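These are the residues of each chain, in order.
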Amino acid sequence: MNQEQFTTYLRHPEKMETASLYDMMALVKDFPYCSSAHIMLTLKLYIDKNVMYDAELKTTAVYTGNRRILKKLIDGLNQSSVRIVLPDVVAEQKPKDKPARK
């Protein structure tokens, strides 16, 4: 992983879907005290629904200075960018025909 990829993943965690899990694990191994690397690995495991997520989350919580930020990042991945529109909501949003004036 190069510096540009690292900063891109820090700024836009949702782009980590294409990242290699092996690269993330190697980054944590090379820089074991880097909390950002641990956070990125945890987010990658969460995105992939990996079985190692729970164990890594506990480790990352120890390395993270502010756990609220970690929770905010994980919750941010849960938010869907796709808006679901229900049929009855669409009907309410359409402008109603005005009665013809006489």
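The coordinates are above.
What comes next concerns the included structure.

Thresholds, definitions, all that
Residues numbered from 1 in each chain as written. Predicted model: local features only at pLDDT ≥ 70, side-chain atom pairs only at ≥ 80, totals over all residues. Heavy atoms only, no water. Helix = DSSP H or I, 4+ residues; strand = E, 2+ residues; numbered from the N terminus. Buried < 20%, exposed > 50% of the residue type's maximum accessible area, 1.4 Å probe, protein only. Contact = heavy atoms within 4.5 Å. Core = buried A, V, L, I, M, F, W, Y, C linked by side-chain atoms within 4.5 Å. 1 Å grid on protein atoms, 1.4 Å probe; cavity = no way out; pocket = protein on both sides within 12 Å on 5 of 7 lines; lining within 4 Å. Points joined across faces, edges and corners; volume = space filled by probe spheres on them. Nonpolar A, V, L, I, M, F, W, Y, C, P; charged D, E, K, R; others polar. Axes fitted to C-alpha atoms, helices over the stretch in contact; angles between N-to-C directions. Parallel < 35°, antiparallel > 145°, perpendicular 65-115°, else oblique. Left-handed = near helix turned anticlockwise from the far one by under 90°. Polar contact = N/O pair within 3.5 Å; in protein donor to acceptor, adjacent residues only side chain to side chain. Salt bridge = Lys/Arg side-chain N within 4 Å of Asp/Glu carboxyl O.

Here we come to the overall build of the protein chain. Within the protein chain one finds six helices and zero strands. Beginning at the N terminus, the succession of helices and strands in the protein chain can be written as α-α-α-α-α-α. Here the protein chain, with 102 residues, has 24% of them falling under the buried criterion. Of the contacts made within the protein chain by residues no fewer than 6 positions apart, 46% connect residues no fewer than 24 positions apart.

Within the largest apolar cluster, 16 residues are counted, with the highest numbers of intra-cluster contacts made by Tyr 9, Met 16, Met 24 and Met 40. When contributions to this core are tallied by element, the ones reaching two or more residues are α1 (3-11), α2 (21-30), α3 (35-48) and α5 (67-78). In terms of residues, this core owes the most to one element, α3, which gives six residues.

On to the layout of surface pockets, then. Counted as a void, the largest pocket has a volume near 200 Å³. Glu 14, Glu 17, Tyr 46, Ile 47, Lys 49, Gly 76, Leu 77 and Gln 79 are the residues that line the largest pocket. Among the residues forming the lining of the largest pocket, the class breakdown is three nonpolar, two polar and three charged.

A word on the environment of Lys 58. Residue placement: Lys 58 occurs in helix α4 (residues 53-63). For Lys 58, a relative accessible area of 62% puts it in the exposed group. The spacing of Lys 58 and Thr 42 is 16 residues in sequence and 9.5 Å in space, taken between C-alpha atoms.

Two elements in contact, α3 and α4, have axes separated by 9 Å at closest approach and are oriented at 155 degrees. As judged from the angle between their axes, α3 and α4 are roughly antiparallel. In this structure, α3 crosses over α4, and the sense of that crossing is left-handed. Residues Ser 35, His 38, Ile 39, Leu 41, Thr 42, Leu 45 and Tyr 46 of α3 form the contact with α4, whose participating residues are Tyr 53, Glu 56, Leu 57, Thr 59, Thr 60 and Tyr 63.

Locating Glu 56 in the fold gives a position in helix α4. Among the polar contacts made by the side chain of Glu 56, one reaches the side chain of His 38 at a distance of 3.2 Å. Apart from residues no more than four positions distant in its own chain, Glu 56 is found in contact with His 38, Leu 41, Thr 42 and Leu 45.

Inspection of the entire model under this criterion finds two salt bridges. Put simply, Asp 48 and Lys 44 hold a salt bridge, and the shortest N to O gap is 3.3 Å. One end of the pair is Asp 48 and the other is Lys 44, both in helix α3 and four residues apart, which spans about a single turn. Residue classification places Asp 48 among the partly exposed positions, given a relative accessible area of 37%. Among the residues examined, Lys 44 registers a relative accessible area of 3% and is labelled buried. One salt bridge in this structure joins Lys 71 and Asp 75, with 2.7 Å as the shortest N-O distance. Placement of both Lys 71 and Asp 75 in helix α5 is noted, with a separation of four residues, approximately one turn of the helix. Assessed through its relative accessible area of 52%, Lys 71 is described here as exposed.

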